[in-house]
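Fold and geometry: a report
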Amino acid sequence: MTNNLLEISDLHAEIDSIPILKGINLSINKGEVHAIMGPNGSGKSTLAKIIAGHPAYKITAGQILLEGKNILDLDPELRAHMGIFLAFQYPVEMPGVSNADFLRLAYNSKNKYLNLEELDPLTFFNKISSKLEIVGMDAKFLTRNVNEGFSGGEKKRNEILQMALLAPKLSILDETDSGLDIDALKIIAKGINTLASPDTCIILITHYQRLLDYIAPDFVHIMQDGQVKYTGNAELARELERDGYDILGSKII
């Protein structure tokens, strides 16, 4: 059995007839953590949204395989049920919807797809309570409306709580570190490290080295102008922090 979980081949995509991705190739195995870095407008967040199935983008060439299955024609909900999770850079608020109800609905929806037992509110509360420690959240957060009135750090911790509950095969974290102070960053990083496993993989999209001080990536990919221009190890992120993206001019692509 292959250890490959995600395979992206010659992926081209556009929005409003404007090309954004111009031939992405990326292979990720189970147990790996991949960081994707690059300047603004390089296509990082677009790639994340396309993997998750955002309908605004038109795929003009290439394919995305999840465990060998081409997922490009699948709806976002089905991709999520299959194990793809996207943590947003700017998590949205959901007035009138409690965290507990939202999380239980998401969990039961996935269980229904997998032909597993759906949980009643009390049983679910016991389950989610065990996950709260991973992100240092109090049970009172469950009674609050989703992200409503949350600080930036609380919103990001709420995203990792969802990740902990849904146990995805592929977690894509889009600038999860943005807007966090150092204490919140450490909590988020600890939660992500706790959830990493040999059977799953994680994509970290970030501008900054500081997140990678706490989560050691196996590979660092540099995107520019809709392509992966260079791939290296964790040292590459430190080079970027020190010298900026000018170093790409000295790299052999």
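Refer to the structure above for everything that follows.
Residues numbered from 1 in each chain as written. Predicted model: local features only at pLDDT ≥ 70, side-chain atom pairs only at ≥ 80, totals over all residues. Heavy atoms only, no water.

1. Description of the side chain of Arg157
Convention followed: Elements are defined by DSSP. Helices are runs of H or I of four residues or more, strands are runs of E of two residues or more, and each kind is numbered from the N terminus. When accessible area is computed with a 1.4 Å probe and restricted to protein chains, residues below 20% of their type maximum are described as buried, those above 50% as exposed, and intermediate ones as partly exposed. Under this rule, positive means Lys or Arg and negative means Asp or Glu; His and the chain ends count for nothing. When a carboxyl oxygen of Asp or Glu is within 4 Å of a side-chain nitrogen of Lys or Arg, the pair counts as a salt bridge. We define a polar contact as two N or O atoms separated by no more than 3.5 Å, with the added condition that, inside protein, one atom must be a possible hydrogen donor and the other a possible acceptor, whereas residues neighbouring each other in sequence contribute only through side-chain atom pairs. In this analysis, two residues are considered to be in contact whenever any of their non-hydrogen atoms come within 4.5 Å of each other.
If you trace the backbone, Arg157 turns up in helix 5 (residues 152–166). One buried charged residue, Arg157, remains without a salt bridge, the closest side chain of opposite sign being Glu154 at 5.5 Å. Here Val135 takes part through its backbone oxygen, which lies 3.0 Å from a polar atom of the side chain of Arg157. The residues touching Arg157, leaving out its near neighbours within four places in the chain, are Val135, Gly136, Met137, Ile187 and Ile188.

2. Considering the packing of aromatic side chains
Threshold: A pair of Phe, Tyr and Trp rings is counted when the ring centres sit within 6.5 Å of each other, with Trp represented by its six-membered ring. The angle between the planes then sorts it: under 30 degrees is stacked, over 60 is edge-to-face, the rest tilted.
Scanning all chains against the criterion turns up 2 aromatic pairs. Both rings, one in Tyr107 and one in Phe124, keep their centres 6.0 Å apart while their planes meet at 50°; by these two values the pair is tilted. With Tyr107 in helix 3 (residues 99–113) and Phe124 in helix 4 (residues 121–132), this residue pair connects regions lying 17 residues apart in the sequence. Summarising the burial analysis for this pair, Tyr107 and Phe124 share the class buried. With a centroid separation of 5.5 Å and 80° between ring planes, the pair formed by Phe141 and Phe150 is classed as edge-to-face.

3. A short note on a nonpolar patch on the surface
Quick reminder of the rule: To count toward a patch, a residue needs a relative accessible area above 30% and no salt bridge. Like charges then connect within 9 Å, nonpolar side chains (Val, Leu, Ile, Met, Phe, Trp, Tyr) within 5 Å. Per-residue accessibility takes into account occlusion by the displayed protein chains alone, with areas from the Shrake-Rupley method and a 1.4 Å probe.
On the surface, a cluster of nonpolar side chains totalling about 280 Å² of accessible area is made up of Tyr113, Leu114 and Leu116. Residue position: Leu116 is located in the loop between helix 3 and helix 4.

4. A few points about the pairing of strand 4 (residues 58–66)
The condition that has to hold: When DSSP locates at least two bridges between a pair of strands, those strands are taken to pair.
Pairing of strand 1 (residues 4–15) with strand 4 involves 7 bridges; the strand directions are antiparallel. Residue pairing across strands places Ser9 opposite Gln63, the latter belonging to strand 4. Here strand 4 runs beside strand 5 (residues 69–70); their pairing, made up of 2 bridges, is antiparallel. Looking at the pairing, Leu65 lines up with Asn70 of strand 5. Connecting the antiparallel pair strand 4 and strand 5 is a turn made up of 2 residues, with Glu67 showing a positive phi of about 50°.

5. Describing helix 6 (residues 182–195)
To keep things clear, this is the line we draw: Every helix has an expected span of 1.5 Å times one less than the residues it contains. Note that the arc is defined by the directions from the helix axis to the C-beta atoms.
The terminal C-alpha atoms of helix 6, which comprises 14 residues, lie 20 Å apart, in line with the 20 Å expected from a rise of 1.5 Å per residue. Regarding helix 6, the residues found buried are Ala184, Leu185, Ile188, Ala189, Gly191 and Ile192. Down the axis, helix 6 shows its buried residues gathered within 160° of arc, on one side only. Those residues of helix 6 that are exposed and angled more than 90 degrees off the buried face are Asp183 and Lys190. Contacts from the buried residues of helix 6 go to helix 5, strand 9 (170–174) and strand 10 (201–205). The backbone nitrogen of Asp183 lies 3.2 Å from a side-chain oxygen of the residue at the head of helix 6, namely Asp181.

6. Here we look at unusual backbone geometry
Leave glycine aside and you will find that most residues have negative phi; peptide bonds, for their part, are mostly trans. At Asp10, a residue that is not glycine, the phi angle is positive and equals roughly 45°. You can see Asp10 is positioned in strand 1. Overall, Asp10 belongs to the partly exposed group, its relative accessible area being 40%.

7. Here's the deal with helix 5
Compared with an ideal rise of 1.5 Å per residue, which puts 15 residues at 21 Å, helix 5 spans 22 Å between its outermost C-alpha atoms and is within 8% of the ideal. For helix 5, the buried fraction is high: 13 of the 15 residues fall into the buried class. Count one or two residues on from helix 5 and you reach Ala167, which has phi positive near 50°.

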